[in-house]
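Chains, contacts and geometry: an overview
Next come the chains, spelled out residue by residue.
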Amino acid sequence: MTAYSPSRSDDAVLGREIDDLLLHVRGLVLVRELLARRGASSTELDAHDREAERLRKELMRRLLAV
């Protein structure tokens, strides 16, 4: 039985997915800060917090799977 060895294209796809997740989390954090300064409701801020946390967990899951 041969062990799976990721190819460079697999690495590139994974790298791109991780970059996209990081960018999305950063965007959510920045937008949340902007919303907070503009007096957004706690419901709106909580939604951003939950989504950022969900994406952080997904990011960790992908990084630990490497």
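Residues numbered from 1 in each chain as written. Predicted model: local features only at pLDDT ≥ 70, side-chain atom pairs only at ≥ 80, totals over all residues. Heavy atoms only, no water.

Side note on the nonpolar core
As a reminder, the rule being used: Residues belong to a common nonpolar core when they are buried Ala, Val, Leu, Ile, Met, Phe, Trp, Tyr or Cys residues joined through side-chain atoms within 4.5 Å. For the exposure calls, accessible area comes from a 1.4 Å probe over protein chains only, and a residue counts as buried if that area is under 20% of its type's maximum, exposed if over 50%, partly exposed in between. Every helix listed is a DSSP run of H or I at least four residues long, and every strand listed is a run of E at least two residues long, numbered separately from the N terminus. Any two residues having at least one pair of non-hydrogen atoms within 4.5 Å are treated as being in contact.
Counting residues in each nonpolar core, the largest one holds 7 residues, listed as I18, L21, V25, L28, A52, L55 and L59. The leading source of residues in this core is helix α1 (residues 8–37), at 4 residues. Not counting residues within four places of it along the chain, the set of residues in contact with I18 comprises L59 and L63.

Here we look at the side chain of H48
Tracing the chain through its elements places H48 in helix α2 (residues 42–64). In contact with H48, not counting residues within four places along its chain, are L28, V31, R32 and L35.

What to know about a nonpolar patch on the surface
How we decide: Residues enter patches when they are more than 30% accessible in relative terms and free of salt bridges; like-charged ones are connected within 9 Å and nonpolar ones (Val, Leu, Ile, Met, Phe, Trp, Tyr) within 5 Å. Per-residue accessibility takes into account occlusion by the displayed protein chains alone, with areas from the Shrake-Rupley method and a 1.4 Å probe. Any carboxyl oxygen of Asp or Glu that lies within 4 Å of a side-chain nitrogen of Lys or Arg is treated as forming a salt bridge with it.
Nonpolar side chains collect at one region of the surface, where M60, L63 and L64 lie side by side and expose about 320 Å² of accessible area between them. Within the secondary structure layout, M60 lies in helix α2. Using a relative accessible area of 45% as the deciding quantity, one classes M60 as partly exposed.

Overview of the pattern of salt bridges
Following the criterion strictly, the structure yields 7 salt bridges and no others. Close ionic contact of R56 with E53 constitutes a salt bridge, the shortest N to O distance being 3.7 Å. Linking R56 with E53, this pair stays in helix α2, spanning 3 residues, or about one helical turn. Judged by relative accessible area, which is 34%, R56 ranks as partly exposed. A salt bridge links E58 to R62; the nearest nitrogen and oxygen atoms lie 2.5 Å apart. Taken together, the residues span about one helical turn, with E58 and R62 both in helix α2 at a distance of 4 residues.

Considering α2
Residues spaced three or four apart along an α-helix point in a common direction, a consequence of the helix completing one turn every 3.6 residues. Rule in force here: Working rule for helices: expected span equals 1.5 Å times residues minus one.
Taking 1.5 Å of rise per residue, 23 residues should cover 33 Å, and α2 covers 32 Å from first to last C-alpha, within 8% of that figure. Listed as buried for α2 are L45, H48, A52, L55, E58 and L59.

Here's the deal with the environment of E53
Relative accessible area serves as the criterion here: at 35%, E53 is assigned to the partly exposed category. Sequence separation between E53 and L28 is 25 residues; the distance between their C-alpha atoms is 10.0 Å.

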